[in-house]
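# Working through the structure, step by step
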Amino acid sequence: SSVESNGGDPNQNAIIPIVLTSLIFGFLHFGQGAAPIPLFVLSLGLGFLYQRTRSLVPCFIVHFLLNGYSMFWFTVSIYFGETP
C-alpha cells in the first residue's frame, strides 16, 4: 500500500501536487508584475491548509480575509492618497 511505502503518512505524497498546482497558478498570473510570487506562496499555503483540514471553509476564510485587507488599503489609497 502507498501508506506503508511512505512511512505511514498518507499526506506525504500530496506535496508534489500542491507544489505543481501552485506553480501553474503562479504562472497563470505571469503578466501581473510581481504577483506570481506571492500568489504562488498563497497557493502553497491554501493547498497545505486544505490538506490538513480536508475542508475548503478555512481556505475560503483566509482568501476572504486577504482580499478584505487588500481592498481596505486600496480604498484608503483612493480616498486619502496613502498606502501602507
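Bear in mind that the values here come from a model prediction, so they are computed numbers and not experimental data.

On to the confidence of the model for the chain, then. Per-chain confidence: the chain averages 86 in pLDDT, with 82% of residues scoring 70 or above. By mean pLDDT, helix 1 (residues 2-5) is the weakest element of the chain at 49, and helix 3 (residues 36-53) is the strongest at 95.

Now for the packing of helix 3 against helix 4 (residues 57-80). The N-to-C vectors of helix 3 and helix 4 enclose an angle of 150 degrees; their axes lie 9 Å apart at closest approach. On the basis of the axis angle, helix 3 is roughly antiparallel to helix 4. Facing helix 3, whose interface residues are Leu-42, Leu-46, Leu-49, Tyr-50 and Thr-53, helix 4 presents Pro-58, Cys-59, Val-62 and Leu-66. Residues of the contact of helix 3 with helix 4, tallied by class, amount to 8 nonpolar, 1 polar and no charged.

All right, on to the packing of helix 2 (residues 15-28) against helix 3 then. Relative orientation of the contacting elements helix 2 and helix 3 amounts to 150 degrees, with a least axis distance of 8 Å. Overall, the two elements helix 2 and helix 3 adopt an arrangement that is roughly antiparallel. The hand of the helix 2/helix 3 crossing is right-handed. Across the interface between the two elements, Ile-15, Ile-18, Val-19, Thr-21, Ser-22, Leu-23, Phe-25 and Gly-26 of helix 2 pack against Pro-36, Leu-39, Phe-40, Ser-43, Leu-44, Gly-47, Phe-48 and Gln-51 of helix 3. The residue makeup of the contact of helix 2 with helix 3, split by class, is 10 nonpolar, 6 polar and no charged.

Turning next to the environment of Gly-45. As for its placement among the helices and strands, Gly-45 is situated in helix 3. Since its relative accessible area comes to 37%, Gly-45 is described here as partly exposed. Separated by 14 residues in sequence, Gly-45 and Cys-59 have C-alpha atoms that sit 8.9 Å apart.

The full count for this structure, using the stated rule, is 3 aromatic pairs. Ring geometry for Tyr-69 versus Trp-73: centroids 6.4 Å apart, planes at 70 degrees, classification edge-to-face. Linking Tyr-69 with Trp-73, this pair stays in helix 4, spanning 4 residues, or about one helical turn. The class for Trp-73 is partly exposed, based on a relative accessible area of 29%. Here a set of aromatic residues connected by ring pairs shows up, and it is made of Tyr-69, Phe-72 and Trp-73.

Conventions adopted
- Residues numbered from 1 in each chain as written.
- Predicted model: local features only at pLDDT ≥ 70, side-chain atom pairs only at ≥ 80, totals over all residues.
- Heavy atoms only, no water.
- pLDDT = per-residue confidence, 0-100.
- Helix = DSSP H or I, 4+ residues; strand = E, 2+ residues; numbered from the N terminus.
- Axes fitted to C-alpha atoms, helices over the stretch in contact; angles between N-to-C directions.
- Parallel < 35°, antiparallel > 145°, perpendicular 65-115°, else oblique.
- Contact = heavy atoms within 4.5 Å.
- Nonpolar A, V, L, I, M, F, W, Y, C, P; charged D, E, K, R; others polar.
- Left-handed = near helix turned anticlockwise from the far one by under 90°.
- Buried < 20%, exposed > 50% of the residue type's maximum accessible area, 1.4 Å probe, protein only.
- Phe/Tyr/Trp six-rings, centres within 6.5 Å; stacked < 30°, edge-to-face > 60°.

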